[in-house]
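Architecture and fold: a report
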Amino acid sequence: MHQWDFSPVFSNLDFLLLGLYHTFLVTALALSFGIPIGLALALCRLSRFRLVSGVATFIIEFFRTTPPLVQLFWFFFALPILIDVRMTPFVASVATFSIQSSAFFAEIFRGGINSIERGQWEAAKAIGMSYRQSLRRIILPQAVKRMIPAFLERSIELLKTTTLISTVSYADLMFQANELAQKTFRPLEVYTVVALMYFFLIFGFSYASIHVERFLAKSGESTMR
Amino acid sequence: MSAEAVVEVRGLVKRFGDLEVLKGIDLKVREGETVVLLGVSGSGKSTLLRCINFMETPTEGRVFESGKLVGTEKNGRMVYRERELCALRTRIGMVFQHFNLFPHMTALQNVMEGQTTVLRESREAAEKNAIEQLRRVGLEDKAFEYPARLSGGQKQRVAIARALSMNPRVMLFDEVTSALDPELVGEVLKAIRQLADEGMTMIIVTHELGFAYHVADRVLFLDGGEIIEQGPPAEILVKPETRRAKEFLEGHSLFKLPD
Ligand SMILES: Nc1ncnc2c1ncn2[C@@H]1O[C@H](COP(=O)(O)OP(=O)(O)OP(=O)(O)O)[C@@H](O)[C@H]1O
Ligand SMILES: [Mg+2]
C-alpha cells in the first residue's frame, strides 16, 4: 500500500507555481498572437481572390491537421537548420502555439462571419460602408458574440496542449512536475497535485466563461434576431 | 418640376453567367418623381434596383446620377472604383424586403451608424438627425429599443429612417411590405407616401397595386428584363396595352380601383 506523502510537493510548491506561471504565459501570448492572426487568415480564406484564399486555406488546414508536437519539434529543431536562428524553447513554444491556434481561430472566425446573414452585409453596403467598415462595425460585433463558446473551448484546448512544450525543456508546469517527480521520487503526489492545478485553472476558466456567456446573452437583445 | 434626371440608366444589361436578366433598360427618373416598377417574379425588378446603386455591377450600359456618369470608361469598358461606389450609395438610399436592421444596435444607433461611420459626422449631429428621421417615420419613442423588440412594421420604418439619415437624393424600395403581416403594411406605406408628398425622388418595387395607383407618377411594367409598358398609373393600371401586363393585373384580383 502506498504511503501518501505530499510534504515534498508542498515544500516545492513555488517550483510548481513558476511552471504554472510559464504555462499561463505561453497560453496568453499564443492567444494574443493567435487570435489576430486567425482573423487575418479567416479573412484571407474568405477573400474573392483565389490565390489568397487558396494559400490561407492551405496554411489553416496544414496546421489543423499536423500534430502539434511535430510542429513544435519542427520549429525548435528543424527551422534553425534552414535559417540561422537559434530559438529558445520559449520563443519556439510561443511561435508554434500562436500559429497552431491561429489556424483553429481562423476557422472559428470564418464560421462566425459566415453565420451572419447576407442581408447584414447588404444593409451596410447600402448606406455606403466599405468592406472594412462593414466588417468592423456590423459583421464582427455580431459574429464574435456567436463565436464566444467556441473561442473558450479552443482556448482551453490550447492550454492543455501546451503541456507538450515540456518536451523542448521549457519550464512549464508539466516540465516542472517531471523534474520534481524525479527529484523527490514522489510521482504519484506530484502528478496528482499538478492534475488538480490544471483542473482548477481550467475549471475556473470555464466557470468564469459560463458567466461571461450568460452576461452577454442578457445584455444582447442583440445576438440573434 | 425640374427636368434634371436624378437617376438615368442607358442600355443597361445584366447577365448572371448565361442568364440575361436585364436586356437593355433605358430609364430616366426626374427630381421629385415617384416611379413604381411592376412585373412578375423573376422579371428583373430587384436586379434593376440593385444595378442603380451598384449592389450589382451592370454587365453593359451606363448609369448616371444627377447627370454624372458613374464610373469611368476605359477602352470601351466601364471601370468602377469601390470608393466612388461607396460614395454613390450614400446618395442612393435603399430599403429591403427583410429590413436588415443591425440587431446589435438600438433603433437610434441604426439610424446614426451611417452618419458617424460613413459620413464622419459628430455623434451629436448624427443623434439629432437620427431622432429627426425617426420622428419622420413616427418612431421617436422607440429610439432606444433593439430591433428584436420591434414589430415588422416598426422595423421597416426604422430601416427607412436609416436610409433617410444619409440625406439621399433618391430612395429605392424593394418590396418593402412583402414580408409584413397584412395589418402592418399600412403604416409602412403611409411613411413612403409621406415621403412622396415631401417631394422625395423614389423608385418603388411593390405588389400593392392600390398603393402604386395613388403614389406613382409613372408606372413601369417590366417583363423578361425589358420595360414593355410605361405611363401614368391611371393608364397602365386601368387599361394596359400589352397582354403580359393585362395578365399580371388580372392575377392581382385583390386590386380594386378606388372610385
Ligand atoms: N445573384 C444572382 N445570381 C444568379 N441569378 C440571379 C441573381 N440574382 C437574380 N438572379 C436571377 O435573375 C432573375 C431576376 O431576378 P430578380 O430578383 O431581379 O427578379 P424580381 O423581378 O425582383 O423577382 P421577385 O418578384 O421574385 O423579387 C431571376 O431569374 C433570378 O433567379
Ligand atoms: Mg425582387
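As shown above, the structure is provided for reference.
Right, let's walk through the structure included here.

Considering the interface of chain B and chain A
In this complex, chain B contributes 25 residues to the contact, which on the side of chain A involves 20 residues. A combined buried area of about 2100 Å² lies between chain B and chain A, and 64% of that area is made up of carbon and sulfur atoms. The largest contributions to the chain B side of the interface with chain A come from Phe102(B), Pro103(B) and His104(B), which together make up 26% of the buried area. Put simply, Arg137(A) and Glu113(B) hold a salt bridge, and the shortest N to O gap is 2.7 Å. Applying the counting criterion to the chain B and chain A interface returns six residue pairs in polar contact (both at pLDDT 80 or more). For the side of chain B that touches chain A, the secondary structure elements donating two or more residues are helix H2 (82–91), strand S8 (92–95) and helix H3 (107–118) of chain B. With four residues, the single largest contributor to the side of chain B that touches chain A is H3(B).

Focus: the sheet that holds strand S3 (residues 34–38) of chain B
Residue and element names in this part refer to chain B. Strand order across the open sheet formed by six strands is S8-S9-S10-S3-S11-S12, with mixed pairing between neighbours. Lying at the two open borders of the sheet, with one neighbouring strand each, are S8 and strand S12 (226–231). With direction set aside, neighbouring strand axes in the sheet form an average angle of 20°. Bridge count between S3 and strand S10 (residues 201–205): four bridges; the pairing is parallel. Across the sheet, Leu 37 pairs through a bridge with Val 205, a residue of S10. Relative to the sheet, helix H1 (residues 45–52) contacts S3, S8, strand S9 (170–174), S10 and strand S11 (218–223), its axis offset from that of S9 by approximately 150°. The strands touched by H2 within the sheet are S8 and S9, with S8 carrying the most contacts at an inclination of about 70°.

Considerations on the sheet that holds strand S1 (residues 5–16) of chain B
Residue and element names in this part refer to chain B. With respect to topology, four strands assemble into an open sheet ordered S2-S1-S4-S5, the strand pairing being antiparallel. The open sheet is flanked by strand S2 (19–30) and strand S5 (68–69), the only strands paired with a single partner. Strand direction decides the pairing type here: S1 and strand S4 (residues 60–65), joined by five bridges, are antiparallel. When the sheet's bridge partners are listed, Val 13 is paired in S4 with Glu 60. Contacting S1, S2 and S4, H1 crosses the sheet at an angle of about 120° to S1.

Remarks on the packing of H3(B) against helix H4 (residues 123–136) of chain B
All names here are of chain B. At their nearest, the axes of H3 and H4 sit 8 Å apart, and the two run at 125° to each other. Between H3 and H4, the interaxial angle falls into the category oblique. For H3 against H4, the interelement crossing comes out right-handed. On H4, the residues touching Ala 107, Leu 108, Val 111, Met 112, Gln 115 and Thr 116 of H3 are Arg 123, Ala 125, Ala 126, Glu 127, Asn 129, Ala 130, Ile 131, Gln 133 and Leu 134. Its residues placed into classes, the contact of H3 with H4 shows nine nonpolar, four polar and two charged.

A closer look at the packing of aromatic side chains
This model, assessed by the stated rule, comprises 16 aromatic pairs over all chains. With 5.2 Å between their ring centres and 70° between their planes, Phe199(A) and Phe200(A) make a pair best called edge-to-face. The exposure class of Phe199(A) is partly exposed, given its relative accessible area of 43%. Ring plane angle 55° and centroid distance 4.7 Å describe the contact between Phe54(B) and Tyr80(B), whose orientation is recorded as tilted. You can see Phe54(B) sitting in the loop between H1 and S4 and its partner Tyr80(B) sitting in the loop between strand S7 (77–79) and H2, a full 26 residues away along the chain.

Observations concerning the pattern of salt bridges
In total, this model carries 26 salt bridges over all chains according to the counting rule given. Ionic pairing is found between Arg146(A) and Glu117(A), a salt bridge with its closest N-O pair at 3.5 Å. Residue Arg146(A) is found in helix H7 (residues 131–161), and its partner Glu117(A) is found in the loop between helix H5 (89–114) and helix H6 (118–126); the two are separated by 29 residues along the sequence. A relative accessible area of 26% means that Glu117(A) is categorised as partly exposed. Ionic pairing is found between Glu247(B) and Arg244(B), a salt bridge with its closest N-O pair at 3.4 Å.

What to know about the environment of Gly11(B)
Residues and elements named next belong to chain B. Mapped onto the fold, Gly 11 is located in strand S1. As for Gly 11 and Arg 193, which are separated by 182 residues in sequence, their C-alpha atoms are 30 Å apart. In this structure, Gly 11 is in contact with Gly 24, Ile 25, Asp 26, Glu 60 and Gly 61, ignoring residues within four places of it in sequence.

What counts, and at which threshold
Residues numbered from 1 in each chain as written. Chains lettered and ligands numbered in written order. Predicted model: local features only at pLDDT ≥ 70, side-chain atom pairs only at ≥ 80, totals over all residues. Heavy atoms only, no water. Contact = heavy atoms within 4.5 Å. Buried area = accessible area lost by both parts, 1.4 Å probe. Salt bridge = Lys/Arg side-chain N within 4 Å of Asp/Glu carboxyl O. Polar contact = N/O pair within 3.5 Å; in protein donor to acceptor, adjacent residues only side chain to side chain. Helix = DSSP H or I, 4+ residues; strand = E, 2+ residues; numbered from the N terminus. Pairing = 2+ DSSP bridges. Axes fitted to C-alpha atoms, helices over the stretch in contact; angles between N-to-C directions. Parallel < 35°, antiparallel > 145°, perpendicular 65-115°, else oblique. Left-handed = near helix turned anticlockwise from the far one by under 90°. Nonpolar A, V, L, I, M, F, W, Y, C, P; charged D, E, K, R; others polar. Phe/Tyr/Trp six-rings, centres within 6.5 Å; stacked < 30°, edge-to-face > 60°. Buried < 20%, exposed > 50% of the residue type's maximum accessible area, 1.4 Å probe, protein only.

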